[in-house]
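Structure at a glance
Here is how the chains run, residue by residue.
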Amino acid sequence: MKHAINIKNVSKYYGDYRAIKDISFDIRDNEFFTLLGPSGCGKTTLLRMIAGFEIPSGGVIKLHGTDIQALPAHKRCVNTVFQNYALFPHMNVAQNIGFGLEMLKWSEENIAARVDEMLELVHMRPFAARMPAALSGGQQQRIALARALAPKPEVLLLDEPLSALDLKLRQSMRDELQQLQRDTGITFIFVTHDQEEALAMSDRICVLAEGEVQQLSSPNEIYENPINKFVADFIGETNFMAVTIGAVNSATAAITNPLGIQLNVPNAGYRPGQEATMSLRPEKISINTQGLEVNLQGEIVHRTYMGGYTHYKVRTANGIELRVSKRNTISNDTEYQLQQRVDIGFSKTSVRVLCQ
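Now for a quick tour of the structure.

Analysis parameters
- Think of each chain on its own: its residues are numbered from 1, step by step along the sequence as written.
- Per-residue local features are limited, in this predicted model, to residues with pLDDT of at least 70; the limit for side-chain atom pairs, both in listing and counting, is 80 or more; totals at the level of whole chains, interfaces and linings are taken over all residues.
- Excluded from the side-chain calculations are hydrogens and water; all other atoms, namely the structure's heavy atoms, are used.
- Runs of H or I in DSSP of at least four residues are treated as helices and runs of E of at least two as strands, each being numbered from the N terminus.
- Here's how the labels work: a residue is buried when its accessible area is under 20% of the maximum for its type, exposed when over 50%, partly exposed in between, all with a 1.4 Å probe on protein chains only.
- The criterion used for residue contact is that any of the two residues' heavy atoms lie within 4.5 Å.
- Only the protein chains shown count as covering a residue, and every accessible area follows the Shrake-Rupley method with a 1.4 Å probe.
- Here, a strand pair is defined by DSSP locating no fewer than two bridges between the strands.
- Interaxial angles span 0 to 180 degrees and are taken between N-to-C directions of axes, which are lines fitted to C-alpha atoms, for helices over the stretch in contact.
- Any Phe, Tyr or Trp ring, taking Trp's six-membered ring, that has another such ring centre within 6.5 Å forms a pair; planes under 30 degrees apart are called stacked, those over 60 apart edge-to-face, and the others tilted.
- An angle below 35 degrees is treated as roughly parallel, one above 145 as roughly antiparallel, one from 65 to 115 as roughly perpendicular, and anything else as oblique.
- In this scheme, a crossing is called left-handed if the near helix is turned counterclockwise away from the far one by less than a right angle; it is called right-handed if the turn is clockwise.
- Here the nonpolar group is Ala, Val, Leu, Ile, Met, Phe, Trp, Tyr, Cys and Pro; Asp, Glu, Lys and Arg are the charged ones; every other residue, Gly included, is treated as polar.
- For this analysis, a polar contact is any N or O atom pair within 3.5 Å, provided that within protein one partner can donate a hydrogen and the other can accept it, and provided that sequence-adjacent residues contribute only side-chain to side-chain pairs.
- Cavities and pockets were defined on a 1 Å grid built from protein atoms only: a cavity is a group of points that admits a 1.4 Å probe but offers it no way out, a pocket is an open group of points flanked by protein on both sides within 12 Å along at least five of seven lines, and a lining residue is one with an atom within 4 Å of any such point.
- Grid points are joined across faces, edges and corners, and a volume is the space filled by probe spheres set on the points.

Points about the overall build of the protein
Scanning the protein from terminus to terminus reveals eight helices and 20 strands. Expressed along its principal axes, the backbone C-alpha trace of the protein runs to roughly 75 × 50 × 35 Å. The proportion of buried residues among the 356 residues of the protein is 46%. A fraction of 65% describes how many contacts in the protein between residues 6 or more apart in sequence connect residues 24 or more apart. A total accessible area of about 17,300 Å² is found for the protein, and carbon and sulfur atoms account for 48% of it.

Some thoughts on the sheet that holds strand β9 (residues 204–209)
Pairing within the open sheet is mixed, and its six strands lie in the order β6-β7-β8-β3-β9-β10. Of all the strands in the sheet, the pair left with one neighbour each is β6 (78–81) and β10 (212–217). Strand-to-strand twist across the sheet, computed as the mean angle between neighbouring axes with direction ignored, equals 20°. Two elements, β9 and β10, share five bridges in a ladder whose sense is antiparallel. By the bridge assignment for β10, Leu208 is matched with Val213. Of the strands in this sheet, β6, β7 (155–159) and β8 (187–192) touch helix α4 (residues 137–149), which is tilted by about 170° from β6.

Some details on the pairing of strand β3 (residues 32–36)
Within β3, five of the five residues are buried, which leaves the element mostly enclosed by the surrounding structure. Side chains of β3 alternate between two faces, with Phe32, Thr34 and Leu36 and Phe33 and Leu35 buried alike. Bridging between β3 and β8 involves five bridges; their strand directions are parallel. In the sheet register, Leu36 faces β8, and the bridge partner there is Thr192. Taken together, the four bridges between β3 and β9 define a ladder with parallel strand orientation. Looking at the pairing, Leu36 lines up with Val207 of β9.

Structural notes on the packing of aromatic side chains
Within this structure, the stated rule accounts for seven aromatic pairs. Taking 6.0 Å as the distance between ring centres and 70° as the angle between the ring planes, the aromatic pair formed by Tyr312 and Tyr336 counts as edge-to-face. Of this pair, Tyr312 sits in strand β17 (residues 309–316) while Tyr336 sits in the loop between β18 (321–327) and β19 (341–346); the two residues are 24 residues apart in sequence, bridging distant segments of the chain. You can call Tyr312 buried: its relative accessible area is 3%.

Quick notes on the environment of Val324
Considering the arrangement of structural elements, one finds Val324 in strand β18. Owing to a relative accessible area of 1%, Val324 belongs among the buried residues under this scheme. Counting along the chain gives 91 residues from Val324 to Asp233, while the straight-line C-alpha distance between them is 15 Å. Excluding residues within four positions of it along the chain, Val324 makes contact with Pro282, Ile285, Ile287, Thr310, His311, Tyr312 and Val314.

Brief notes about the packing of helix α2 (residues 93–103) against α4
Across the interface, α2 lies against α4 with an axial gap of 7 Å and an inter-helix angle of 30°. Classified by the interaxial angle, the pair formed by α2 and α4 is roughly parallel. Here the hand of the crossing between α2 and α4 comes out right-handed. For the pair α2 and α4, contact is made by Val93, Asn96 and Ile97 and by Ile143, Ala146 and Arg147, respectively. Among the residues forming the contact of α2 with α4, the class breakdown is four nonpolar, one polar and one charged.

Some thoughts on α2
For α2, the complete set of buried residues consists of Val93, Asn96, Ile97, Gly98 and Leu101. If you follow the buried residues of α2, they end up packed against α3 (108–121) and α4. Two or three places before Ala94, at the start of α2, stands the capping residue Asn92, its side-chain oxygen 3.2 Å from that residue's backbone nitrogen. Positive backbone phi, approximately 70°, marks Lys105, located one or two places after α2.

Details of the layout of surface pockets
Remark: the empty space left among the atoms is shown by a probe the size of a water molecule rolled over them. In this structure, the largest pocket occupies an estimated 650 Å³ of space. Along its surface, the largest pocket is lined by 23 residues, and Val78, Asn79, Thr80, Gly100 and Pro151 are the ones closest to its centre. Of all the secondary structure elements, the ones that give two or more residues to the lining of the largest pocket are β6, α2 and α4. Considering every element that reaches the lining of the largest pocket, the biggest residue donor is β6, with four residues.

So, the environment of Cys355
Mapped onto the elements, Cys355 comes out in the segment after β20 (352–354). The contact partners of Cys355, leaving out residues within four places of it in the chain, are Tyr270, Gln274 and Ala276.

Purely geometric numbers; function is a separate question.
Okay, structure coming up:
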């Protein structure tokens, strides 16, 4: 498998503070790859090191197998789309897109052809003569993307480019970014703190925290099988419960849990007496559904209607509160009210036991 970027034992110090802690991973050619994590986790620092705006304190970064440590930013075959788009206010749309090509000494004929091609790609041809101030936020972002893609970079870096847009426009631009990546075949490296963005767009996600890689996998794998409590908590919502590993055999492990139920999970190398955390996603719990492996009784103590979903908190007989998400599938679907007694249930396969 071909790799666009190789990151090997890379670290970054700012004085005594270590922002990136000796991390290693590869980014595949032609994939939509996302660096995801909270503010201060090191994702933008890592992006800036790939771009050449920051120099690693240690380790090696390669672009298609070539060490780019010694190359200044303008000589790396990568381009960056910034959070604020950074369009030149005194240039119109076409001039903005063509500026980088002029710096690369392209001919006027080739620049004109490439600018026209980029305008068509981002559906902005009618706006070629407009000034940036006359464009909406979404239109400015399209022009920033077109300008970054015009020189045909090997890798496109995107530093939280959707964060300044309103919700509807962000959702629309997710689809456009995905389509752009497919149409161009260029490796996209996308930085965000928004879990929903990462899950919606990415081929693979690298979850970062405190300068370290927590998990790197597909969106489905990261959501369904988080490797530790941080990932389970950061990606989506979940119910956490402190548990203890009980009897263990070669196939299964018994989980002593505060719900007071008998629960066996596949043995992943657990030890009897080991302390752990049980994770159960709210949407994995059903209300008043028969036939599930685990059934409990409880009372609804909180209810939040969110259009497509209604979120509940259900207090079980032994005082444990569980968040439950119910999809509103039909207009006359059952609505459960505060203080209503309900049966809830879930499958044992929905439980994740986290020892980190």
